[in-house]
Amino acid sequence: MKKIVKRLLAACLTVALVAAVFAGCSGGKDSKNGGSDAATIGLFYCSAEANSKYQVEKISEELSKLGYETKEYSFADSNDLATVLNTAVSECKAIYVPTDNTCASNAELINNICEPKGIPVIAGEEGICEGCGVATLSISYYDLGVVTGKMAYEVLVNGADIKTMDISYVDASTLVKKYVSDRADKLGIKVPEGFVAIGGDAAVAENKLPSDLPSYTGDKVFNIGICQLVQHPALDAATQGFMDSLTQMLGKDHVKFDNQNASGDSATCATIVNQFVSKNVDLILANATPALQAAVSATQTIPILGTSVTEYGVALDIKDFDGKTGINVSGTSDLAPLDQQAALFEELNIAKG
């Protein structure tokens with residue numbers, strides 16, 4: 001009888017151990033994705049750019065809602081970009097790159113690391129996407145510049161108080177889903193209908209000014225200082241849209257532009273805007289966040305309009321930001337809705353396992 005009891009106890013212990021093993025195997029999935037098959041998405045950005053950090057934090061929340069795991073990979077500057085990215089591609093199934101100026105300047109390097117390893121990149125804007133991405137939610141930076149130009153006209157001609165002007169955000173109805181055809185093919189990504197190929201015939205759109213722009217009838221000549229962080233298709237387009245619209249509204253004989261490029265260097269931005277202040281220009285256009293921050297540090301009186309800036313509250317460290325800065329600054333934001341950016345991973349079936 002004792003032998004039978006021992007055998008029964010041994011059998012029960014064996015069953016319990018097997019059950020424990022199976023329970024351990026099934027319970028190891030991360031709680032963030034609720035046990036889904038989604039793999040980790042690496043969020044890659046420069047830690048020196050506050051707006052990049054903001055985008056990464058927000059899109060992480062949106063990706064989590066879709067069942068994805070995310071992990072941040074930040075680099076200090078271009079010197080350690082490759083090292084950090086190599087770590088990211090070894091640990092993740094896909095990469096997200098926000099509208100990050102350092103990434104924009106190093107898009108080719110990013111592609112040379114990601115593409116050979118079969119890692120798709122979703123980018124925050126079209127210029128970065130063309131250099132290293134598979135898809136993006138695209139805005140027109142030229143139109144962004146035109147809107148900024150109209151704001152400048154209101155300040156210069158109609159006397160609008162820049163302190164109370166709302167920051168202008170992207171019109172969601174103008175967004176276009178775009179992709180890089182050959183890169184998607186190489187990575188075996190099937191792109192559904194509704195996406196437009198970057199560089200394709202359907203993607204080519206002529207930059208046009210609105211037909212309802214006002215016309216200046218005075219005789220003043222306005223001096224505008226433009227500080228653009230770096231030469232880049234998106235920033236170039238925003239500057240061009242700004243200049244074209246203001247020239248149209250004021251007349252070419254009534255506006256003079258001092259258009260300068262900082263070659264990606266924040267210290268050079270400071271030098272440029274200080275020159276504008278010494279010349280007492282009528283208005284400063286600051287194209288990209290470092291240019292905006294330099295301009296704000298340089299003057300509290302000359303009106304400053306930003307463009308290609310993601311989030312003004314973050315860029316200017318304004319607590320409880322309500323859409324107005326309360327200082328001599330307003331402008332336009334280039335932030336495409338992050339929930340729609342996150343949805344691109346799902347629509348393209350990226351990082352699903």
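What you see is a predicted model; the values in this text were computed from it and never measured. (Residues numbered from 1 in each chain as written. Predicted model: local features only at pLDDT ≥ 70, side-chain atom pairs only at ≥ 80, totals over all residues. Heavy atoms only, no water.)

Caption draft 1: Up close: the overall build of the protein chain. A tally of regular secondary structure across the protein chain gives 13 helices and 12 strands. Buried residues in the protein chain amount to 48% of all 353 residues. Pairs at least 24 residues apart make up 74% of the contacts formed inside the protein chain by residues separated by at least 6 positions. With an accessible surface of roughly 16,700 Å², the protein chain has 50% of that area assigned to carbon and sulfur atoms. (Helix = DSSP H or I, 4+ residues; strand = E, 2+ residues; numbered from the N terminus. Buried < 20%, exposed > 50% of the residue type's maximum accessible area, 1.4 Å probe, protein only. Contact = heavy atoms within 4.5 Å. Areas by Shrake-Rupley, 256 points an atom, 1.4 Å probe, with all protein chains shown as cover.)

Caption draft 2: Main features of the nonpolar core. Counting residues in each nonpolar core, the largest one holds 33 residues, and the members touching the most others are Ile41, Leu63, Tyr96, Ile122, Phe345, Leu348 and Ile350. The set of elements that each furnish at least two residues to this core consists of β1 (40-46), α2 (50-65), β3 (94-97), β5 (135-138), α7 (141-156), α9 (233-250) and α13 (338-347). If one sorts the elements of this core by residue count, α13 sits on top with four residues. Apart from residues no more than four positions distant in its own chain, Leu348 is found in contact with Ile122, Val134, Ala135, Ile189, Lys190, Val191, Pro192 and Phe195. Ranked by size, the runner-up nonpolar core spans 26 residues in total, among them Leu85, Val89, Ala123 and Cys132. (Core = buried A, V, L, I, M, F, W, Y, C linked by side-chain atoms within 4.5 Å.)

Caption draft 3: How the structure looks around the sheet that holds strand β12 (residues 329-333). Strand order in the open sheet formed by five strands is β9-β8-β10-β11-β12, and the pairing between neighbours is parallel. Edge positions in the sheet fall to β9 (255-261) and β12, since each has one partner strand and no second. Averaged over all pairs of adjacent strands, the angle between strand axes in this sheet comes to 20 degrees, irrespective of strand direction. Bridging between strand β10 (residues 283-287) and strand β11 (residues 304-309) involves four bridges; their strand directions are parallel. Bridged to Asn287 within β11 is Thr307. Helix-sheet contacts for α7 involve β8 (222-228), β10, β11 and β12, and the interaxial angle to β11 is about 170 degrees. (Pairing = 2+ DSSP bridges. Axes fitted to C-alpha atoms, helices over the stretch in contact; angles between N-to-C directions.)

Caption draft 4: Spotlight on the sheet that holds strand β6 (residues 176-179). With mixed pairing, seven strands are arranged side by side in an open sheet as β2-β1-β3-β4-β5-β6-β7. Bordering the open sheet on either side are β2 (69-75) and β7 (196-197), each of which pairs with just one other strand. The pairing of β5 with β6 spans four bridges and is antiparallel. Its bridge partner being in β6, Ala135 is matched across the sheet by Tyr179.

Caption draft 5: Summary view of the layout of surface pockets. Taken as a whole, the second largest pocket holds about 480 Å³ of empty space. Forming the walls of the second largest pocket are 32 residues, and the residues nearest its centre are Glu49, Asn101, Thr102, Leu229 and Pro290. Of all the elements in the fold, those that place two or more residues in the lining of the second largest pocket are α2, α4 (101-105), α9 and α11 (289-298). The element contributing the most residues to the lining of the second largest pocket is α4, with four residues. Considering only residue class, the lining of the second largest pocket consists of 12 nonpolar, 15 polar and five charged. (1 Å grid on protein atoms, 1.4 Å probe; cavity = no way out; pocket = protein on both sides within 12 Å on 5 of 7 lines; lining within 4 Å. Points joined across faces, edges and corners; volume = space filled by probe spheres on them. Nonpolar A, V, L, I, M, F, W, Y, C, P; charged D, E, K, R; others polar.)

Caption draft 6: Quick look at helix α3 (residues 81-91). Buried residues of α3: Leu81, Val84, Leu85, Ala88 and Val89, and no others. All buried residues of α3 fall inside an arc of 135 degrees around its axis, so they share one side. Turned more than 90 degrees away from the buried face of α3 sit Thr83 and Ser90, all of them exposed. The elements touched by buried residues of α3 are β1, β2, β3 and α5 (107-114). (Arc of directions from axis to C-beta.)

Caption draft 7: Summary view of the pattern of salt bridges. Going through the model one piece at a time under the given rule, you end up with 13 salt bridges. Here Glu126 makes a salt bridge to Lys178, at a shortest N to O gap of 3.0 Å. With a gap of 52 residues between them, Glu126 in helix α6 (residues 126-132) and Lys178 in strand β6 connect regions that are remote in the sequence. For Glu126, a relative accessible area of 21% translates into the label partly exposed. For Lys178, a relative accessible area of 11% gives the class buried. The salt bridge involving Glu347 is made with Lys177; its shortest N-O contact spans 2.8 Å. Note that Glu347 is positioned in helix α13 and Lys177 in strand β6, a separation of 170 residues in sequence. (Salt bridge = Lys/Arg side-chain N within 4 Å of Asp/Glu carboxyl O.)

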